[in-house]
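Topology and contacts: notes
Listed here are the chains, written in short residue letters.
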Amino acid sequence: MQKMRVLYAEDDMVRANLVKLQVEGAGFALRIVTDGQAAWEAYLEDRPDILLLDIEMPEIDGLELTRMVRQRDWCTRILAYTSHV
């Protein structure tokens, strides 16, 4: 059985590595990118099953990236979050 593929866009590598332990430990395949432009390119290249997006990222933010993906694809699951207080 193939693992579900998660594309994780996060510019804070400490947070990204903590999440990586949890996501991979739960049996998912994870790819981390550090900005919205890299996330867009990775999405086009690989079409992951799930996008996990930080709202506040350099280049293209998580909300804009969600809009871009939705113009092409209504099926990919997208989880967007922020640590902004």
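Provided above is the structure to which this section pertains.
Cut-offs used in this document
Residues numbered from 1 in each chain as written. Predicted model: local features only at pLDDT ≥ 70, side-chain atom pairs only at ≥ 80, totals over all residues. Heavy atoms only, no water. Helix = DSSP H or I, 4+ residues; strand = E, 2+ residues; numbered from the N terminus. Expected span 1.5 Å × (residues − 1). Polar contact = N/O pair within 3.5 Å; in protein donor to acceptor, adjacent residues only side chain to side chain. Phe/Tyr/Trp six-rings, centres within 6.5 Å; stacked < 30°, edge-to-face > 60°. Buried < 20%, exposed > 50% of the residue type's maximum accessible area, 1.4 Å probe, protein only. Pairing = 2+ DSSP bridges. Right-handed = clockwise from strand over helix to strand, strands pointing away. Salt bridge = Lys/Arg side-chain N within 4 Å of Asp/Glu carboxyl O.

Focus on helix 1 (residues 13-25)
- In this model, helix 1 (13 residues) spans 18 Å end to end at C-alpha, consistent with the 18 Å of a helix rising 1.5 Å per residue.
- The opening residue of helix 1, the one whose side-chain oxygen lies 3.0 Å from the backbone nitrogen of V14, is D12.
- Directly beyond the C-terminal end of helix 1, a positive phi value near 100° is found at G27.

Considering the packing of aromatic side chains
- Under the criterion given, the structure shown has two aromatic pairs.
- Geometrically, the ring pair formed by Y8 and Y81 is tilted, given 6.5 Å between the ring centres and 40° between the ring planes. Placement of Y8 in strand 1 (residues 5-9) and of Y81 in strand 4 (residues 77-81) is noted, with a sequence separation of 73 residues between them.
- Ring geometry for W40 against Y43: centres 5.7 Å apart, planes inclined by 25°, an arrangement best described as stacked. With W40 and Y43 both in helix 2 (residues 36-46) and three residues apart, this pair spans about one turn of that helix. For the residue pair W40 and Y43, the accessibility class agrees, reading buried in each case.

Comments concerning the pairing of strand 3 (residues 50-54)
- Here strand 3 lies mainly inside the structure; five of its five residues are buried.
- Side-chain alternation along strand 3 places I50, L52 and D54 on one buried face and L51 and L53 on a second face that is also buried.
- In this structure, strand 1 lies alongside strand 3, joined through four bridges in parallel fashion. Looking at the pairing, A9 lines up with L53 of strand 3.
- Two elements, strand 3 and strand 4, share five bridges in a ladder whose sense is parallel. Counted as the bridge partner of L53 is A80 from strand 4.
- As a crossover connection, the stretch from strand 3 through helix 3 (residues 62-72) into strand 4 is right-handed.

Some details on the pattern of salt bridges
- Counted by the stated rule, this structure contains five salt bridges.
- R5 is paired through a salt bridge with D46; the nearest N and O atoms lie 3.2 Å apart. Note that R5 is positioned in strand 1 and D46 in helix 2, a separation of 41 residues in sequence.
- What makes R5 partly exposed here is its relative accessible area of 21%.
- For the salt bridge of E64 with R67, the shortest nitrogen-to-oxygen distance reads 3.1 Å. Here the residue E64 and the residue R67 both occupy positions in helix 3, the gap between them amounting to three residues, near one helical turn.
- Under the relative-accessibility criterion, E64 is labelled partly exposed at 35%.
- Looking at R67, the relative accessible area reads 47%, which means it is partly exposed.
- Overlapping salt bridges, with partners in common, bring together R5, D46 and D49 in one network.

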